[in-house]
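Working through the structure, step by step
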Amino acid sequence: SKHCVKLDNRTANVTVKPFELDMGFQFELHVTVSGKKINVSEIPELPIPKDWMRDKLELHFYKTEQAAGGGEIENVTYTRGSGTAVITFLKPG
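Residues numbered from 1 in each chain as written. Predicted model: local features only at pLDDT ≥ 70, side-chain atom pairs only at ≥ 80, totals over all residues. Heavy atoms only, no water.

If you check an unreviewed UniProt entry, the chain appears there as NMI protein from Hylia prasina.

1. Let's talk about the nonpolar core
Among the nonpolar cores identified, the biggest contains 14 residues, and Val 40, Ile 43, Met 53, Leu 57, Phe 61, Ala 85 and Ile 87 are the most heavily contacted of them. Breaking this core down by element, the ones donating at least two residues are β4 (37–41), α1 (50–63), β5 (73–79) and β6 (84–89). Here Ala 85 is in contact with Ile 38, Asn 39, Val 40, Ile 43, Leu 57, Thr 77 and Tyr 78, once residues within four sequence places are set aside. (Core = buried A, V, L, I, M, F, W, Y, C linked by side-chain atoms within 4.5 Å. Buried < 20%, exposed > 50% of the residue type's maximum accessible area, 1.4 Å probe, protein only. Helix = DSSP H or I, 4+ residues; strand = E, 2+ residues; numbered from the N terminus. Contact = heavy atoms within 4.5 Å.)

2. Side note on the pairing of strand β2 (residues 10–15)
By the criterion of burial, β2 is predominantly exposed, with just zero of the six residues buried. Sheet analysis places strand β1 (residues 2–7) next to β2, joined by six bridges and oriented antiparallel. Looking across to β2, one finds that Leu 7 is bridged to Arg 10. Joining the antiparallel neighbours β1 and β2 is a turn of two residues, in which Asp 8 adopts a positive phi near 50°. (Pairing = 2+ DSSP bridges.)

As structure tokens, this is what we get:
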């Protein structure tokens, strides 16, 4: 667990210690479905970047393809202030 690291002619003694990662976020979405697009509302404001939330929404609705619809995503438009998003699929379904 102890290591000696040399950086720019200097030596640093370091010790490795375990740490716990924060738990993920879990929340409920309200969805309206219409052809190629779905409107998602009541998305809670979380302390994560807007791009991360957009990626999470895309992944969630892409992954549901095997379970109950979903599929390849064409676009995700997420509006943080209103807690809404529009998910556009490549194919209607």
